[in-house]
Amino acid sequence: MNSDELQLKRASKAALFSLLNLTVLPVIGFIILLLIYQKSSSDSIDHYYSVIGIKTNVFAGIALLLVSGLMILLGGFDSPWTWVYVVSYFTFVHALFILFATWVLVRSWTGEKLKKNILSK
Amino acid sequence: MMKYESQGVAKLYFIAAIGLFTGQILFGVVMGLQYVMGDFLFPEIPFNVARMVHTNLLIVWLLFGFMGSAYFLVPEESERELYAPWLAKLMFWIFLVAGALTILGYLLVPYAQLADLTMNDLLPTMGREFLEQPTITKIGIVIVALAFIFNIGMTILTGRKTVINLVLLTGLVGLAVFFLFSFYNPDNIVLDKYFWWFVVHLWVEGVWELIMASLLAFVLIKVTGVDREVIEKWLYIIIAMALISGLVGTGHHFFWIGTPDYWQWLGSIFSALEPIPFFMMTLFAFNVVNKRRRDHPNKAAVLWALGTAVMAFLGAGVWGFLHTLAPVNYYTHGTQVTAAHGHMAFYGAYVMVVLTMISYSMPLMRGQKAGNQKAQVLEMWSFWLMTVSMVFITLFLTGAGILQVYLQRFSEDPLPFMVVQEKVALFYWMREVAGLVFLIGLILYIYSFFAKGDEVVFAED
Amino acid sequence: MRETFTKGMARNIYYGGAVFFLLVLIGLTFDTVKGLPKTDNSENMTELVAAGKRVWERNDCIGCHTLLGEGAYFAPELGNVYTRFGESTEAIKGFIKGRPVDGIKGRRSMPQFNLTDEELDAVAEFLKYVDGVKTARDWPPNVQG
Ligand code: HEM
Ligand code: HEM
Ligand SMILES: [Fe+2]
């Protein structure tokens, strides 16, 4: 395997663990993502995808955990309205992050960068 | 533009499907209003009547949609004309007349009288959710289904066999087989409920997924030009996961109906895996669109295909998972949370896959490769209006459901059902507004078929 | 997907998985049906209860109500209505019989079904029987259903 292929493989691995961190392997997925990032040299495609993964997950962490946490704090644990907002918000926004990470994964498989609209190539 | 002339019978089926879809939505809007203005149309059209019209129209038009899709797809995949086009036309009219009579029966006579008129006592099957049809209508459905399966089965068996048409056939045979459980209606309520799910669950979370995946695969091959080998591998693994998770996953309906406790575990674990096939459909659709070999002029069809994958994942996968674990379902069972999920899942998976097939095939049956510019723009607008309003319907019902769960089931001092309903009325009003937007989207959708405009320019072939 | 994972393998997982789990479901179904008498209140199953189930179906009660959480969400749960109405079939019958023909202005109303006395007896008895089904964790969570 030449180094290009190796990089591509690591790139899709990064995209995969970004998705896994958002779903069934929280925290563990992120640690692996950091390791891939460490091993990558800047300017390479695996670097590119591990950075996207890290950014996505940090952003998701803030948008989901922090914002939900704030909602609970401000709304009060015993108020039904708190849960109306938290559950709907968390479920929907979480799903959006998963969909985004899925698209990133698919892009990483072809070794291209993100860019461009899906409907017009 | 069609490869085989007999594919054209699909057009009849699709027109009927869209017509009945419109009826479904009109009654949906009526019910949405009855939710907040209880006496609306009472006693002429009581809620339960509106509801059976709404849900039965849904099922019937989806069946029209599946049949039309199969009639379009199978000749092309099998590389031969339909075995008996006349039979397809005959069955169309029989099904349409039987369906229309049944709906009129719901609306024009009291349900108990309809039961008498159709001699329900000989073989009582009526009066169960989604299976409200008179026994004689059910028998009619079986006959139509058999003739249909015979027709496409013979086409496939005497033609080219592809993974796509065989998976589709398996799904359709499964649909017919599991419908037979609708004739079993024991006095024992626990048994009744247990086997009722063999129709409902094993349809939407079993064999219908086979139908959906094969239709999606077909359209994706056509619009992306991606290699069949790749697509078939995906198809197999998706339907494998659907059945591996979905069969025992039926257990998520056996938590609170007097069935053994082991279902709490089995149902929770296996149904927690059910999002996987829906997620894989998203991955699959994203992947082949990303790897497309050509840009098909029918952009609307590509949009519908991607939309199906995404919305089925949201409605079935995400909103299904939300309430599928027994400890959660203990509180949410039979609340507006269920209704939220039911709407987005049915829309995202089955409504949208049928509309995808229609979007791809209708222009071909009308002698064009794709609709004209204006028609496509309108169709894409209708896509967004219907899809976004369905997201809002789901969110509002989820909000209503959470509040309902809290006030009626979770709180220290639970309130009566009707009291709670008044407290969440705001959500029902918002749902109704979103429902009206959905209706506007649907009207626009129908209008798009008649829009005139510039032909699209083809990049290749 | 990786080239090492072939279409043949995918197909075998499909066939193997589908057949295996279908058999598992059938096996579990036999076990469930065999064990039901412990929970399904069939010891109280009578002719009257069976007739009551027909009344329940003939009037499409499930089109507004849930029964053990399944049905429509427009009107209250009835799987425990016998308990909610103070374990009185008379109260249930009285309620059904008393529905105004033209409904209650501005509110969700239940239709007047004009049931005969026999039908009323039967359907009340049916609801009492359903209340006797032993559901896990005694679902619904409380008397409000
Ligand atoms: C496209 C596929 C699906 C469709 C069309 C669908 C539709 C529905 C509908 C209409 C109901 C209400 C049934 C009733 O009237 O009692 C329902 C219930 C339910 N669904 Fe789905 N569903 C789908 C997939 C899923 C998946 C994948 C899951 C789990 C991950 C799931 C979990 C549930 C659960 C737990 C209930 C019971 C809710 C309750 O206890 O009240 N569904 N579904
Ligand atoms: C215009 C928008 C719509 C409105 C206002 C609407 C309204 C309703 C209402 C009020 C119910 C009865 C809930 C109950 O039992 O209390 C219902 C049930 C149902 N509707 Fe709709 N509906 C709409 C569109 C749709 C669409 C597009 C679909 C299919 C994709 C659909 C599928 C269903 C199903 C499957 C049920 C049974 C749900 C269950 O048992 O959980 N509806 N709808
Ligand atoms: Fe299910």
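Residues numbered from 1 in each chain as written. Chains lettered and ligands numbered in written order. Predicted model: local features only at pLDDT ≥ 70, side-chain atom pairs only at ≥ 80, totals over all residues. Heavy atoms only, no water.

Colleague: Explain the coordination of the iron atom of ligand 1 to me, please; I cannot follow it from the model alone.
Modeller: Expected angles at a metal are 109.5 degrees for tetrahedral coordination by four donors and either 90 or 180 degrees for octahedral coordination by six donors. Residue and element names in this part refer to chain B. Coordination of the iron atom of ligand 1 by the protein comes from a single atom, H341 (NE2), at 2.0 Å. A spacing of 4.4 Å is found between the iron atom of ligand 1 and the iron ion (ligand 3). Following the sequence through the fold, H341 ends up in helix α13 (residues 336-365). (Donors = N, O, S within 2.8 Å, 3.2 Å for Na, K, Ca; no water. Helix = DSSP H or I, 4+ residues; strand = E, 2+ residues; numbered from the N terminus.)

Colleague: Please explain the domain arrangement of chain C as it appears in this structure.
Modeller: Many analyses report the size of an interface as the accessible area lost when the parts associate. All names here are of chain C. The assigned domain composition of chain C is domain 1 (1-39) and domain 2 (40-138). Distance from the C-alpha centre of domain 1 to the C-alpha centre of domain 2: 38 Å. Tallying the contact residues gives four residues for domain 1 and six residues for domain 2. Carbon and sulfur atoms make up 37% of the area that domain 1 and domain 2 hide from each other, which totals about 340 Å². Summed over the three residues of domain 1 that lose the most area to domain 2, namely L36, P37 and T39, the buried surface amounts to 90% of that side. Where domain 1 meets domain 2, there are zero salt bridges. (Domains from an automatic or database assignment. Contact = heavy atoms within 4.5 Å. Buried area = accessible area lost by both parts, 1.4 Å probe. Salt bridge = Lys/Arg side-chain N within 4 Å of Asp/Glu carboxyl O.)

Colleague: Teacher, can you tell me more about the coordination of the iron atom of ligand 2 here?
Modeller: Residues and elements named next belong to chain B. With distances of 2.0 Å, the protein atoms coordinating the iron atom of ligand 2 are H54 (NE2) and H343 (NE2). The site at the iron atom of ligand 2 holds six donor atoms, and with the angles between them running 84 to 179°, its shape is octahedral. One end of the pair, H54, is in helix α2 (residues 47-78); the other, H343, is in helix α13, with 289 residues separating them in the sequence. H54 sits in the buried class, given a relative accessible area of 12%. Using a relative accessible area of 29% as the deciding quantity, one classes H343 as partly exposed. (Tetrahedral: all angles 85-135°; square planar, octahedral: opposite > 155°, others 65-115°. Buried < 20%, exposed > 50% of the residue type's maximum accessible area, 1.4 Å probe, protein only.)

Colleague: So what exactly am I meant to see when it comes to the domain arrangement of chain B here?
Modeller: Residue and element names in this part refer to chain B. Domain assignment breaks chain B into domain 1 (1-160) and domain 2 (215-448). On a C-alpha basis, the centres of domain 1 and domain 2 stand 21 Å from each other. Between domain 1 and domain 2, the residue contacts involve 32 residues of the former and 37 residues of the latter. When the two sides are added together, the surface that domain 1 and domain 2 hide from each other amounts to roughly 3000 Å², 80% of it contributed by carbon and sulfur. Considering only the side of domain 1, the residues that lose the most area to domain 2 are M1, Y35 and F72, jointly responsible for 19% of the buried surface there. Counting across the interface, domain 1 meets domain 2 through two salt bridges.

Colleague: Looking at this structure, how should I read the site of ligand 2?
Modeller: Contacts to ligand 2 come from 28 residues, most closely from Y35, R51, H54, E129 and H343 of chain B. Mapping the residues near ligand 2 onto chains gives chains B and C. One of the side-chain N or O atoms of H54 of chain B is found 2.7 Å from a nitrogen atom in ligand 2. E129 of chain B is positioned such that a nitrogen or oxygen atom in its side chain is 2.8 Å from an oxygen atom of ligand 2. Of all the secondary-structure elements, those providing two or more residues to the shell around ligand 2 are α1 (9-36), α2, α13, α14 (373-410) and α16 (425-448) of chain B. Looking at side-chain class alone, the shell around ligand 2 contains 17 nonpolar, seven polar and four charged residues. (Near = heavy atom within 4 Å. Polar contact = N/O pair within 3.5 Å; in protein donor to acceptor, adjacent residues only side chain to side chain. Nonpolar A, V, L, I, M, F, W, Y, C, P; charged D, E, K, R; others polar.)

Colleague: I keep staring at the interface of chain B and chain C and nothing clicks. Help me out?
Modeller: Between chain B and chain C, the residue contacts involve 84 residues of the former and 71 residues of the latter. For the pair chain B and chain C, the interface holds six salt bridges. In this structure, E70 of chain C and K193 of chain B form a salt bridge, with 3.2 Å as the shortest nitrogen-oxygen distance. The residue inventory of the side of chain B that touches chain C, partitioned by class, reads 49 nonpolar, 20 polar and 15 charged.

Colleague: In this structure, what is going on with the site of ligand 1? I would like to understand it.
Modeller: All names here are of chain B. Around ligand 1 sit 27 residues in total, of which E129, H333, G334, T338 and H341 are the nearest. In the model, an oxygen atom of ligand 1 is placed 2.8 Å from a nitrogen or oxygen of the E129 side chain. Those elements giving two or more residues to the shell around ligand 1 turn out to be α7 (189-224), α10 (275-290), α11 (299-322) and α13. The dominant element in the shell around ligand 1, judged by the number of residues it contributes, is α13, at seven residues. In the shell around ligand 1, the residues fall into twelve nonpolar, twelve polar and three charged.

Colleague: I tried to follow the environment of H253 of chain B on my own but got confused; where do I start?
Modeller: As for its placement among the helices and strands, H253 of chain B is situated in the loop between α8 (228-249) and α9 (262-272). Using a relative accessible area of 16% as the deciding quantity, one classes H253 of chain B as buried. Distance in space between the C-alpha atoms of H253 of chain B and S268 of chain B is 9.7 Å, their sequence separation being 15 residues. Contact partners of H253 of chain B, with chain neighbours within four places excluded, come to W197, H201 and E205 of chain B together with E70 of chain C. At a separation of 3.2 Å, a polar atom in the side chain of H253 of chain B contacts the side chain of H201 of chain B.

Colleague: Looking at this structure, how should I read the pattern of salt bridges?
Modeller: Once their charged atoms are close, side chains differing in charge can pair, the charge on each being opposite to the other. Counted by the stated rule, this structure contains 20 salt bridges over all chains. One salt bridge connects R107 of chain A with E112 of chain A, and the closest N-O pair in it is separated by 3.5 Å. Between R292 of chain B and D295 of chain B there is a salt bridge whose closest N-O contact spans 2.7 Å. Each member of the salt-bridge network shares a partner with another, and the members are R128, D187 and D192 of chain B together with K53, R54 and E57 of chain C.

Colleague: Even after reading the chapter, I still don't get the interface of chain A and chain B, so can you show me in this structure?
Modeller: Listed as interface residues are 25 residues of chain A and, on the opposing side, 30 residues of chain B. Counting every contact that joins chain A to chain B gives zero salt bridges. Our enumeration of links across chain A and chain B arrives at four residue pairs in polar contact (both at pLDDT 80 or more). If one sorts the elements of the side of chain A that touches chain B by residue count, helix α4 (residues 80-110) of chain A sits on top with 18 residues. Taken together, the residues that form the side of chain A that touches chain B break down as 16 nonpolar, six polar and three charged.

Colleague: I would appreciate a short explanation of the packing of α11 of chain B against α14 of chain B in the present structure.
Modeller: How two helices sit against one another is set out by the angle between their axes and by the gap between those axes. Residue and element names in this part refer to chain B. Direction vectors running N to C along α11 and α14 enclose 10°, while the axes themselves pass 10 Å from each other. Taken together, the axes of α11 and α14 lie roughly parallel to each other. Of the residues in α14, those touching α11 at K299, A300, L303, W304, G307, M311 and W319 are Q376, E379, M380, S382, F383, W384, M386, T387, V391, T394, L395 and T398. Within the contact of α11 with α14, the residues separate by chemical class into eleven nonpolar, six polar and two charged. (Axes fitted to C-alpha atoms, helices over the stretch in contact; angles between N-to-C directions. Parallel < 35°, antiparallel > 145°, perpendicular 65-115°, else oblique.)

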